Amino acid sequence: MRPTYLEVDLDQLKTNLENIRAHVAPAKVLVVLKANAYGHGVDGVAPFIAPFADYIGVALVEEAIHIRSLGIATPILVMGGTLPEQLPDFFTYDLTLAASSPDLLTAAEQLAVSTRKRLKVHLKIDTGMERIGVREYEAEPFIEKSLACSHLDIEGIFTHFANSEVASSPENTSGDEHPRNDMVSAALQLERFEEVLSIYEKRSEPHPRIRHTANSGAILSLPESHYDMVRPGVLFYGVYPGRNIAKTIDVAPALTWKSKVSYSKVTLPGRGVSYGSLWQADGAVRIATVPCGYADGYFRRMTNQARVIINGKEYPQVGRICMDQFMVNVGGDDVKVGDEVTLLGAGITAENLADWTGTNEYEVMTNISARVPRVFVSGVQ
Ligand SMILES: *Cc1c(COP(=O)(O)O)cnc(C)c1O
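Residues numbered from 1 in each chain as written. Predicted model: local features only at pLDDT ≥ 70, side-chain atom pairs only at ≥ 80, totals over all residues. Heavy atoms only, no water.

(A) Main features of the packing of aromatic side chains. Across all of its chains, the model carries seven aromatic pairs by this definition. A centroid spacing of 5.4 Å and a plane angle of 75° characterise the contact between Phe 193 and Tyr 227, whose relative ring orientation is edge-to-face. Here the residue Phe 193 occupies a position in helix 8 (residues 186-202), and Tyr 227 occupies one in the loop between helix 9 (216-221) and strand 10 (229-230), the gap between them amounting to 34 residues. Taking the relative accessible area as the measure of exposure, Phe 193 reaches 0% and is therefore buried. Assessed through its relative accessible area of 18%, Tyr 227 is described here as buried. Counting every residue linked through ring pairs, the aromatic cluster contains Tyr 38, Phe 236, Tyr 237 and Tyr 362. The ring of Phe 52 carries the charged tip of Lys 14 above its face, separated from the ring centre by 4.8 Å. (Phe/Tyr/Trp six-rings, centres within 6.5 Å; stacked < 30°, edge-to-face > 60°. Helix = DSSP H or I, 4+ residues; strand = E, 2+ residues; numbered from the N terminus. Buried < 20%, exposed > 50% of the residue type's maximum accessible area, 1.4 Å probe, protein only. Lys NZ or Arg CZ within 6 Å of the ring centre and 35° of its normal.)

In structure tokens:
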């Protein structure tokens, strides 16, 4: 196997799920497995975690079909935008549709009539994300239409928060002279969702049996958002969705990204290291080369900022990160070909990589490319 690989601790993922479940009970848990299980590798994560999940959430129909191909029968909600021509796949693979417009709902009902199959549907309400969904102020005719769709099982109704990972305090603490008055709080979105639910009450109709709103941020900080089900993504993977959010649930990361030194030599001053010769040593230092680069998702933006661990000690990455390799300054230490390198884990966090890259933890994890083999470990194998 390639010396550069990702180790995924499945037991840790299960512990994270159990801790989330204990916090939100009796609400159900939809485990978000989109984007290759946030980079962890859906082929290993999905079969392991499915028996413990009430629902699986993905962004794309294609992701859902792939999970079905792994032999998983757990209900799967396709949360993202769906095109009408993708609707037949929902019937073929028994997927749950996020109905984000009246037109999509009508198309689904028509297909259910013609195929004589029932389809599970969750109504998608947009309470402030302005991405997909029917806005709360236009929800009444949408709900009315859904009540008339007798061939669909309108199982759920949901919305998605735009800012659940930031402190919900409305006052401007940023020191910015132009405060973001327009930043919609999760609390306000929840009020709008409640307004929509009251449409059912007004009509003496039962609301769909699974109401859900909470992503990781809201699971942690907004108990009144848990309803009948929660949708943890990043938190399930053991990473908190914001730096200042209260860590009301104990979770830990499951990823360790490892490699091995592929080359070790002493570099002299005056010899620039890597493309652009952006770094050179002040004196003779040992430079270790690691067979991993930006094509693996080790972002080029981290050049001269990243740090790695070799033989238990932290060292700075130096010189441009290449497509397939990067260099590390190990100073005067005796580092040899084959020594283990840790790029993520053992004290180096997804937050660190995000800071070095100028992005968030989500982007770091989901960009670890398919070229990096995933090794799934579990004590209960
Ligand atoms: C991705 C996603 C989630 C999970 O978000 P996290 O912040 O990772 O918890 C939940 N709901 C929807 C609709 C999503 O698209």
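(B) Region of interest: the pattern of salt bridges. Counting across every chain of the model gives 18 salt bridges. Of the charged contacts, one joins Asp 228 and Arg 211 as a salt bridge, the two residues approaching to 2.8 Å between their closest N and O atoms. In this pair, Asp 228 sits in the loop between helix 9 and strand 10 while Arg 211 sits in strand 9 (residues 210-214), placing the two residues 17 residues apart along the sequence. On the basis of relative accessibility, which here comes to 19%, the residue Arg 211 falls in the buried class. Residues Asp 296 and Arg 371 are paired through a salt bridge, measuring 2.8 Å at the closest nitrogen-oxygen approach. (Salt bridge = Lys/Arg side-chain N within 4 Å of Asp/Glu carboxyl O.)

(C) Main features of helix 3 (residues 42-49). For helix 3, the tally of buried residues reaches six of eight residues, placing the bulk of the element in the interior. Looking only at helix 3, the buried set comprises Val 42, Gly 44, Val 45, Ala 46, Phe 48 and Ile 49. Residues of helix 3 that are buried make contact with strand 1 (5-9), helix 1 (10-24), strand 2 (28-32), helix 2 (34-38), helix 4 (61-69) and strand 18 (374-377). (Contact = heavy atoms within 4.5 Å.)

(D) Structural detail: the site of the ligand. Contacts to the ligand come from 13 residues, most closely from Lys 34, Tyr 38, Ser 216, Val 234 and Tyr 362. The separation between an oxygen atom of the ligand and a polar side-chain atom of Tyr 38 is 2.6 Å. Between the ligand and Arg 231 there is a distance of 2.8 Å, counted from a nitrogen atom to a side-chain nitrogen or oxygen. Compared with its free state, where it exposes 390 Å², the ligand has 92% of that area covered by protein. Looking at the shell around the ligand, its residues break down into six nonpolar, four polar and three charged. (Near = heavy atom within 4 Å. Polar contact = N/O pair within 3.5 Å; in protein donor to acceptor, adjacent residues only side chain to side chain. Areas by Shrake-Rupley, 256 points an atom, 1.4 Å probe, with all protein chains shown as cover. Nonpolar A, V, L, I, M, F, W, Y, C, P; charged D, E, K, R; others polar.)

(E) Spatial organisation of the nonpolar core. One finds Leu 33, Leu 123, Phe 236, Trp 257, Tyr 298 and Ile 310 to be the most contacted residues of the largest nonpolar core, which totals 115 residues. When residues of this core are assigned to their parent elements, the largest contribution, seven residues, is made by helix 8. Residue-level mapping places this core at the junction of two domains, with at least three residues from each of domain 1 (10-230) and domain 2 (255-348). Setting aside residues up to four positions removed in sequence, Ile 310 forms contacts with Val 261, Ala 288, Tyr 315, Val 328, Val 330, Val 335, Asp 339, Glu 340 and Val 341. In this structure, Trp 279, Ala 281, Val 285 and Ile 287 belong to the second largest nonpolar core, which totals seven residues. (Core = buried A, V, L, I, M, F, W, Y, C linked by side-chain atoms within 4.5 Å. Domains from an automatic or database assignment.)

(F) The arrangement of the packing of helix 1 against helix 3 in detail. With their axes 11 Å apart at the nearest point, helix 1 and helix 3 run at an angle of 50° to one another. Here helix 3 runs oblique to helix 1, going by the angle between their axes. For helix 1 against helix 3, the interelement crossing comes out right-handed. Taking contact as the criterion, the partners of Leu 10, Asp 11, Leu 13, Lys 14 and Leu 17 in helix 1 are, on helix 3, Gly 44, Val 45, Phe 48 and Ile 49. Considered class by class, the residues forming the contact of helix 1 with helix 3 number six nonpolar, one polar and two charged. (Axes fitted to C-alpha atoms, helices over the stretch in contact; angles between N-to-C directions. Parallel < 35°, antiparallel > 145°, perpendicular 65-115°, else oblique. Left-handed = near helix turned anticlockwise from the far one by under 90°.)

(G) Structural detail: the side chain of Ser 378. With respect to the helices and strands, Ser 378 occurs in the segment after strand 18. A polar contact is formed between the side chain of Ser 378 and the side chain of Asp 11, at a distance of 3.0 Å. With residues up to four places along the chain from it excluded, the contact list for Ser 378 reads Leu 10, Asp 11 and Phe 48.

(H) Highlighting the sheet that holds strand 12 (residues 263-267). The sheet built from nine strands is open, its strands ordered 12-13-16-15-14-17-11-1-18 with mixed pairing. The two strands at the open ends of the sheet, each matched to only one other strand, are strand 12 and strand 18. In this sheet, adjacent strand axes meet at a mean angle of 35° when their direction is disregarded. With five bridges connecting them, strand 12 and strand 13 (residues 285-290) associate as antiparallel partners. If you follow Val 266 over to strand 13, its bridge partner there is Arg 286. Helix 1 contacts strand 1 and strand 18 of the sheet and is inclined by roughly 45° relative to strand 1. (Pairing = 2+ DSSP bridges.)

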